[in-house]
Amino acid sequence: MTHLAGLLTGEIAAKGPVSVGRYMELALGHPDFGYYQSADPFGASGDFITAPEISQIFGELIGIWCAVVWRGMRSPERVNLVELGPGRGTLMADALRAAAMEPEFRAAIHLHLVETGKGLRHRQKETIAKAHPDVTPQWHCGIESLPEGPTIFIANEFFDALPMRQFQKTSEGWREKLIGVADNGGFRFVLSPPLTTPPPVGEELWDAEAEAVAEVSPASLNIARAIGEKVATQGGAALIIDYGHDSPGFGDTLQAVKSHGFTDPLADPGEADLTAHVDFAAIGSAAGLGGGAVFGPLAQGIFLNRLGIETRTAALVESATAGQAEEIQGAVARLTNADQMGTLFKALAVMPGGGATPPGF
Ligand code: SAH
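Residues numbered from 1 in each chain as written. Predicted model: local features only at pLDDT ≥ 70, side-chain atom pairs only at ≥ 80, totals over all residues. Heavy atoms only, no water.

## Let's talk about the side chain of Thr275
Part 1 of the reasoning: Here Thr275 shows up in strand 13 (residues 273-275).
Part 2 of the reasoning: Separated by 2.5 Å, the side chains of Thr275 and Tyr243 make a polar contact.
Part 3 of the reasoning: With sequence-adjacent residues up to four places away left out, Thr275 is seen in contact with Met24, Asp160, Tyr243, Thr253, Leu254 and Gln255. (Helix = DSSP H or I, 4+ residues; strand = E, 2+ residues; numbered from the N terminus. Polar contact = N/O pair within 3.5 Å; in protein donor to acceptor, adjacent residues only side chain to side chain. Contact = heavy atoms within 4.5 Å.)

Written as structure tokens, this is what we have:
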């Protein structure tokens, strides 16, 4: 049994079955045994690979996106560049390199990284110090401690890692899906007693067929709302990229990934990555409630094409060997093709109300 499985079993014995959200919160975020405390889950030797680890072009295009948006903000002398969940720091290192094409923007940046994992913070520090010794990032555990002022937010595969709750429609009405302990000592899903009020999911989902599962991530909604509020009142922009659906829907999207394969989400808490599909409609409405103007979601493939991924690829290929060229083109295909990451992954932008349309949207 993992340390975390022991802790969870204790909590369930004391208080009864826990929500899927509580399970995710502990399995991913426990300060000692959570999955994201483990040194490095990314890359070919880890559990999964993300867009910035597939191609440097991903972070570079985002860096240019930020520079254009900054110009649109009338080039403030000082701007907070905030990345939520920066992983290994690869996206930011690539983005800062591309941002150097706009030296005034590069000089205006105050970098803030929101990261809870201790090992990953260390990794981010190394990556950024090596590529950009003049930049001194500040780390935060959440967005509450970010400084005032115009702020550009970047979040790639951050929201999918935030805890969400699941509700299931049964013949006796809605119940919450919870996690309890099975006879063999492992974990299993159980249902709460029927709810006496509607589940806290979008109203359009209340009238579901029996057995339908609806999901809601209160943590995601709170962060999206706060981003909308900050961008609307202090100026700036947000670019959120993740995999998920653009309209609210039913379905159990909880998944666990370990060593590049799917595994049982309840098998080894703390040792596999747990994610859920992002509900872009819900995130967009929350950002809108905060006062932001929302653009997208737009398929990642379309977004990257509009930002000029083909031109950048051609430039890299020109100075590459035949083998490298094949690798570069393969990576770009992976990011943009509809049957790979091009459609399932989506981009959403949040801007101040009444402002210009951000690049790509
Ligand atoms: N953006 C990176 C990493 C994605 S994985 C990339 O594209 O490669 C998710 C990231 O979010 C990790 O860095 C993880 O440690 C961080 N994270 C997860 N939950 C978090 C939370 N509640 N607060 C802050 N960071 C979190």
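This is not the end of the story, as more comes after the structure.
## Quick word on the sheet that holds strand 13
Part 1 of the reasoning: What the three strands build is an open sheet, ordered 12-11-13; its pairing is antiparallel. Edge strands, defined here as strands with exactly one partner in the open sheet, are strand 12 (261-263) and strand 13. Between one strand axis and the next, the sheet turns through 40° on average, direction left out of account.
Part 2 of the reasoning: Note: strand 11 (residues 255-258) against strand 12, three bridges, orientation antiparallel. Pairing of Lys258 across the sheet is with Gly261, part of strand 12. (Pairing = 2+ DSSP bridges. Axes fitted to C-alpha atoms, helices over the stretch in contact; angles between N-to-C directions.)

## Description of helix 12 (residues 322-336)
Part 1 of the reasoning: Taking 1.5 Å of rise per residue, the 15 residues of helix 12 would be expected to cover 21 Å, and the 21 Å separating its terminal C-alpha atoms lies within 8% of that figure.
Part 2 of the reasoning: Taken as a whole, helix 12 has its buried residues at Ala325, Ile328, Ala331, Val332, Leu335 and Thr336. Within helix 12, the buried residues cover an arc of 130° as seen down the axis, which keeps them to one side. Residues of helix 12 that are exposed and point more than 90 degrees away from the buried face comprise Ala322, Glu326 and Glu327.
Part 3 of the reasoning: Packed against the buried residues of helix 12 are helix 3 (51-54), helix 4 (56-72), helix 10 (300-306), helix 11 (309-318) and helix 13 (338-342). (Expected span 1.5 Å × (residues − 1). Buried < 20%, exposed > 50% of the residue type's maximum accessible area, 1.4 Å probe, protein only. Arc of directions from axis to C-beta.)

## Points about the packing of helix 4 against helix 11
Part 1 of the reasoning: Relative orientation of the contacting elements helix 4 and helix 11 amounts to 125°, with a least axis distance of 11 Å. With respect to helix 11, the element helix 4 is oriented oblique. Our pair here, helix 4 against helix 11, has a crossing hand that is right-handed. Touching Gln56, Ile57, Glu60 and Leu61 of helix 4 are Ile309, Arg312, Thr313 and Leu316, all from helix 11.
Part 2 of the reasoning: Per-class residue counts for the contact of helix 4 with helix 11 are four nonpolar, two polar and two charged. (Parallel < 35°, antiparallel > 145°, perpendicular 65-115°, else oblique. Left-handed = near helix turned anticlockwise from the far one by under 90°. Nonpolar A, V, L, I, M, F, W, Y, C, P; charged D, E, K, R; others polar.)

## Side note on the nonpolar core
Part 1 of the reasoning: Core analysis: the largest hydrophobic core is formed by 47 residues, its most contacted members being Trp65, Leu81, Phe105, Leu111, Ile152 and Phe303.
Part 2 of the reasoning: Examining the composition of this core, we find that nine residues originate from one element, helix 4, more than from any other.
Part 3 of the reasoning: Setting aside its immediate chain neighbours within four residues, Leu81 contacts Cys66, Met92, Leu96, Ile109, His110, Leu111, His112, Ile152 and Ile154.
Part 4 of the reasoning: Residues Val18, Val20, Phe48 and Phe187 belong to the second largest nonpolar core, which totals 27 residues. (Core = buried A, V, L, I, M, F, W, Y, C linked by side-chain atoms within 4.5 Å.)

## A word on the pattern of salt bridges
Part 1 of the reasoning: Enumeration according to the criterion identifies twelve salt bridges in this entry.
Part 2 of the reasoning: Notably, a salt bridge pairs Asp134 with Arg106, separated by 3.0 Å at the nearest N-O pair. Of this pair, Asp134 sits in the loop between helix 7 (118-131) and strand 4 (138-140) while Arg106 sits in helix 6 (residues 103-108), and the two are 28 residues apart along the sequence.
Part 3 of the reasoning: Residue Asp134 is classed as exposed on the basis of its relative accessible area, which comes to 55%. (Salt bridge = Lys/Arg side-chain N within 4 Å of Asp/Glu carboxyl O.)

## Here's the deal with the packing of aromatic side chains
Part 1 of the reasoning: Throughout the structure, instances matching the rule amount to seven aromatic pairs.
Part 2 of the reasoning: Centroid distance Tyr35 to Tyr36: 5.2 Å. Interplanar angle 75°. Geometry classified as edge-to-face. Each member of the pair, Tyr35 as well as Tyr36, carries the same accessibility label: buried.
Part 3 of the reasoning: Seen in terms of ring centroids, Phe42 and Phe48 are 5.1 Å apart; in terms of plane orientation they differ by 75°. Their pairing is edge-to-face. For the pair Phe42 and Phe48, a shared accessibility class is recorded, and that class is buried.
Part 4 of the reasoning: When the ring centre of Phe189 is taken as reference, the NZ or CZ atom of Lys177 above it lies at 4.5 Å. (Phe/Tyr/Trp six-rings, centres within 6.5 Å; stacked < 30°, edge-to-face > 60°. Lys NZ or Arg CZ within 6 Å of the ring centre and 35° of its normal.)

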